[in-house]
Amino acid sequence: MSNRLLFLGPPGAGKGTQAQLLAAERDLLHLSTGELLRAEVEAGTELGAEAQAVMARGELVSDALVLAIVRDRLISHDGGWLLDGFPRNLAQAEALSELLEELHQPIECVVLLQLDDGILLQRLLSRGRDDDNEAVISNRLEVYREQTAPLIAFYRQLGLIREVEAEGSVETVAKRVVDGLG
Ligand code: ADP
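What counts, and where the lines are drawn
Residues numbered from 1 in each chain as written. Predicted model: local features only at pLDDT ≥ 70, side-chain atom pairs only at ≥ 80, totals over all residues. Heavy atoms only, no water. Buried < 20%, exposed > 50% of the residue type's maximum accessible area, 1.4 Å probe, protein only. Helix = DSSP H or I, 4+ residues; strand = E, 2+ residues; numbered from the N terminus. Arc of directions from axis to C-beta. Contact = heavy atoms within 4.5 Å. Axes fitted to C-alpha atoms, helices over the stretch in contact; angles between N-to-C directions. Parallel < 35°, antiparallel > 145°, perpendicular 65-115°, else oblique. Left-handed = near helix turned anticlockwise from the far one by under 90°. Nonpolar A, V, L, I, M, F, W, Y, C, P; charged D, E, K, R; others polar. Near = heavy atom within 4 Å. Polar contact = N/O pair within 3.5 Å; in protein donor to acceptor, adjacent residues only side chain to side chain. Areas by Shrake-Rupley, 256 points an atom, 1.4 Å probe, with all protein chains shown as cover.

With that settled, the discussion passes to helix H8 (residues 150-157). Along an α-helix, residues three or four positions apart point the same way, because every turn accommodates 3.6 residues. The complete set of buried residues in H8 reads Leu151, Ile152, Phe154 and Tyr155. The buried side chains of H8 occupy one side of the element, clustering within an arc of 165 degrees when seen end-on. Turned more than 90 degrees off the buried face of H8, the exposed positions are Ala153 and Gln157. In this structure, the buried residues of H8 make contact with strand E1 (4-8), helix H5 (90-103), strand E4 (109-114), helix H7 (134-148) and strand E5 (161-165). Once H8 finishes, Gly159 follows within two positions and takes phi at roughly 70 degrees, a positive value.

Moving on, we come to the packing of helix H6 (residues 117-127) against H7. Each pair of packed helices can be summarised by the angle the axes make with each other and by the distance between the axes. At their nearest, the axes of H6 and H7 sit 11 Å apart, and the two run at 135 degrees to each other. Between H6 and H7, the angle is such that the two are oblique. Viewed along their axes, H6 and H7 form a crossing whose handedness is right-handed. Contact residues: Asp117, Leu120, Leu121, Leu124, Leu125 and Arg127 in H6; Glu134, Ile137, Arg140, Leu141 and Arg145 in H7. Classifying every residue of the contact of H6 with H7 gives 6 nonpolar, no polar and 5 charged.

The subject of this paragraph is the site of the ligand. In the vicinity of the ligand, 19 residues are found, and the nearest of them are Thr33, Arg38, Glu59, Gly85 and Gln92. Arg88 is positioned such that a nitrogen or oxygen atom in its side chain is 3.2 Å from an oxygen atom of the ligand. Measuring from an oxygen atom of the ligand, one finds a side-chain N or O atom of Arg129 at 3.2 Å. Taken by itself the ligand offers 550 Å² of open surface, and the protein chains cover 96% of this. Classifying every residue of the shell around the ligand gives 7 nonpolar, 4 polar and 8 charged.

Structure follows, in structure tokens:
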């Protein structure tokens with residue numbers, strides 16, 4: 001059973017929802033960099049102030065900043081984990097590999113949630129988060145295609161990718177995720 005997982009997929013594919021369900025079921029630490037950054041913004045920290053404008057444009061917060069967030073939490077955690085929304089570009093993926101090597105905790109599985117652009121857009125528009133308006137969404141989809149999608153090949157080469165079709169109800173997709181993990 002995989003206890004060190006990474007969730008990959010475009011914004012709107014349902015990573016957060018599925019990651020939360022699986023983490024609860026398997027008692028894993030759920031690390032969502034997006035959620036952690038939003039919490040910093042809300043708490044009005046210096047880090048949050050730095051991230052806020054970048055997030056509002058749908059661009060990526062600096063690698064150093066998100067890496068520090070993830071590093072802190074992984075180092076102080078004993079047990080399995082599930083990363084959601086990180087890494088988001090090749091530099092982050094390489095930094096994560098180094099960190100995990102240091103911790104002797106290699107990734108066991110990368111769940112790739114796949115969904116058509118049309119459905120992604122519909123889901124994001126109906127969600128209504130601050131950064132869910134049409135202009136920002138199209139920017140986030142572009143950032144995903146250009147910077148995050150190359151991670152699919154990166155992890156495929158390592159034999160870690162499990163593809164999951166993300167269309168359908170939360171329960172249907174959750175079942176596919178579990179079946180995909182074997
Ligand atoms: P979504 O997957 O729907 O875009 P997230 O909650 O994962 O939502 O991310 C929201 C925003 O937080 C991103 O658009 C980006 O600005 C920032 N963010 C989250 N994770 C990272 C990361 N690993 N690196 C850089 N920026 C990030």
